[in-house]
Amino acid sequence: MNTIDALILAAGKGTRMPSPRPKVLQTLLGETMLALVTATLAAMPRVRHAITLVGNEADMVSAEAVRVAERLGKKALCVRQERQLGTGHALMTAMPELQGDGSVLVVNGDAPLLTPDVLNRFIDAAEGADVAFLSLVMDDAASYGRVIRENGAVRAIVEAKDFDPSLYGPLEDAREVNTGIYLFSLPAARRLLPSLSCDNRGGEYYITDLVSLGLAAGMDVRGVRAEGAGCDANALLGVNTPAELAAAEEILSNRRREALLASGVILHSPSSVRVSPMASVEKGVELFGPCEIYGDSVVRSGARVLSHCVLRDADIDGGVEIREFCHIEKAVVRRGAIVGPYARLRPQALVDEDAHVGNFVELKKTHLGKGSKANHLTYLGDAEVGPGVNFGAGTITCNYDGKNKFRTVIGEGCFIGSNTALVAPVSVGDGALVGAGSVITEDVPAGKLALGRGRQVVKERKR
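First, a word on scope: everything that follows refers to the structure included in this document. (Residues numbered from 1 in each chain as written. Predicted model: local features only at pLDDT ≥ 70, side-chain atom pairs only at ≥ 80, totals over all residues. Heavy atoms only, no water.)

### Some thoughts on the overall build of the protein
Next up, step 1: Within the protein, the secondary structure is distributed over eight helices and 39 strands.
Next up, step 2: A globule of 463 residues ought to have a C-alpha radius of gyration of about 23 Å, yet the protein, at 29 Å, is considerably larger.
Next up, step 3: Taken along the three principal axes of its C-alpha coordinates, the protein extends 100 × 55 × 45 Å.
Next up, step 4: Burial statistics for the protein: of 463 residues in total, 49% are counted as buried.
Next up, step 5: A fraction of 43% describes how many contacts in the protein between residues 6 or more apart in sequence connect residues 24 or more apart.
Next up, step 6: Only carbon and sulfur atoms are counted for the fraction: they give 49% of the accessible area of the protein, which is about 21200 Å².
Next up, step 7: Here the protein contributes 51 positively and 55 negatively charged side chains, and the mean placements of these two sets differ by 8 Å. (Helix = DSSP H or I, 4+ residues; strand = E, 2+ residues; numbered from the N terminus. Rg over C-alpha atoms; globule rule 2.2 N^0.38 Å. Buried < 20%, exposed > 50% of the residue type's maximum accessible area, 1.4 Å probe, protein only. Contact = heavy atoms within 4.5 Å. Areas by Shrake-Rupley, 256 points an atom, 1.4 Å probe, with all protein chains shown as cover. Lys, Arg positive; Asp, Glu negative; His and termini not counted. Charge placed at Lys NZ, Arg CZ, Asp CG, Glu CD.)

Now the structure itself:
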């Protein structure tokens, strides 16, 4: 097989998806459709580059393409289609970026269920063809373009709105549809594209017309039936409406759960466990539904995530227990730590080995040292906490003065009494004790006792 580049069609408006966001930026399991399609192509070694064609809300879609490429360690290449004049015009627009005599694989950005296996099977079946497309037989073909065959050989693809029953028979009997996945040899595409016409009801340049043009030119044109190639039909479904989005997300959820169970992950109430395809959950992890794990989260073998937890881009070591109702985002939890219930770890929080973060405790940009404990009603923001520190209930670091953020540093083995406010920037030395109810505004030397509260006054009670 020659060099293959991929073209993702992501320029359309998606008029049947009532949302201010472009259709390809709608999400399934926390990932945009564009991200899922891009990740599928990135997982295919034979695909050299992926080009994203943008148009509607081009800046927004391009930003997502760049973000996803960086996540995958790839280079993003976006081409802008200034006027959306059809799928054929989309390929015309991208052609200057497609060099050499290889092939281009064209896929839609609203096909989030595509898998490398399906695309590889199609490429294998299309090897050597000048023009190839993947088709599917559907009971309800709706508005999909129909594949016209004669004695089994492909003759054309006809868009539903241009379908003429007097030529092709009843529309409802034409059940083989075009999935919108194509493979073109670049020499053939360069030869055929100048002959494309917009003389049709839609006034657009259809990429499907390259089929009839290729046949007329005597080229090798193949319509690869998904069933014959062993392709999963669900993987070929496009998403155009909220109902189709919901159905696709359910299929993706089921697929992900099956893969997790097959890999040795233990799922309790599996139907309510939702895990992003880009998240890594290792063999021996135990998940209790309902729970949600999104983004580039990593949960390592031996960790337990109990019910009603949400993890986004979280890094969870083995031997960790995340108790019920915790939210963890862009944070790290190391081996042996316990988090929750009802804890929140915000970006750049690091809970070190054997540390405890208890109920109604929030950490932000804070390193909680090895074996340290913040078990109740505590906020630690912009703090460096050494090992073996104990926080009483109601402790807060006052890290913001209305303009700037400041850090709090707490040394090894300190005891911070309940209802303490540490006004940053401030440091507490190793082994120091801060009395309950204190407001600490000055550094506390190592091994000392600090009290920062008013003297108690007792008066007669008025009757």
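### Overview of the nonpolar core
Next up, step 1: The biggest cluster of nonpolar side chains holds 52 residues, and the ones touching the most others in it are Leu287, Ile316 and Leu345.
Next up, step 2: Taken together, the elements giving at least two residues each to this core come down to β13 (273–275), β16 (291–294), β19 (309–312), β27 (356–364), β29 (373–381), β30 (383–385) and β36 (426–428).
Next up, step 3: Here the element with the most residues in this core is β27; it accounts for three residues.
Next up, step 4: In this structure Leu287 touches Val265, Ile266, Leu267, His268, Val273, Val275, Val281, Ile293 and Val305, once residues within four positions along its chain are discounted.
Next up, step 5: Leu25, Val177, Leu183 and Ala235 belong to the second-largest nonpolar core, a separate cluster that totals 38 residues. (Core = buried A, V, L, I, M, F, W, Y, C linked by side-chain atoms within 4.5 Å.)

### Some remarks on the layout of surface pockets
Next up, step 1: In this structure, the largest pocket encloses a volume near 1600 Å³.
Next up, step 2: Elements with a minimum of two residues in the lining of the largest pocket: β1 (4–10), α3 (87–94), β10 (176–185) and α8 (242–263).
Next up, step 3: Examining the composition of the lining of the largest pocket, we find that five residues originate from one element, β10, more than from any other.
Next up, step 4: Every residue lining the second largest pocket is counted, 21 residues in all, and those nearest its centre are Arg48, His49, Ala50, Lys74 and Lys75. (1 Å grid on protein atoms, 1.4 Å probe; cavity = no way out; pocket = protein on both sides within 12 Å on 5 of 7 lines; lining within 4 Å. Points joined across faces, edges and corners; volume = space filled by probe spheres on them.)

### Here's the deal with α3
Next up, step 1: For α3, a buried count of six out of eight residues is recorded, marking the element as mostly surrounded by other parts of the structure.
Next up, step 2: For α3, the set of buried residues is Gly88, His89, Ala90, Leu91, Thr93 and Ala94.
Next up, step 3: Contacts from the buried residues of α3 go to β1, β4 (47–54), β5 (77–80), β6 (103–108), β10 and α7 (209–216).

### Brief notes about the pairing of β27
Next up, step 1: Examined bridge by bridge, strand β24 (residues 338–339) and β27 share two bridges and lie parallel to one another. When the bridges of β27 are listed, Ile338 appears paired with His356.
Next up, step 2: Pairing between strand β25 (residues 344–345) and β27: two bridges, direction parallel. By the bridge assignment, Arg344 is partnered in β27 with Glu362.
Next up, step 3: Inspection of the sheet shows β27 paired to β29 by seven bridges, in the parallel sense. By the bridge assignment, Asn359 is partnered in β29 with His376. (Pairing = 2+ DSSP bridges.)

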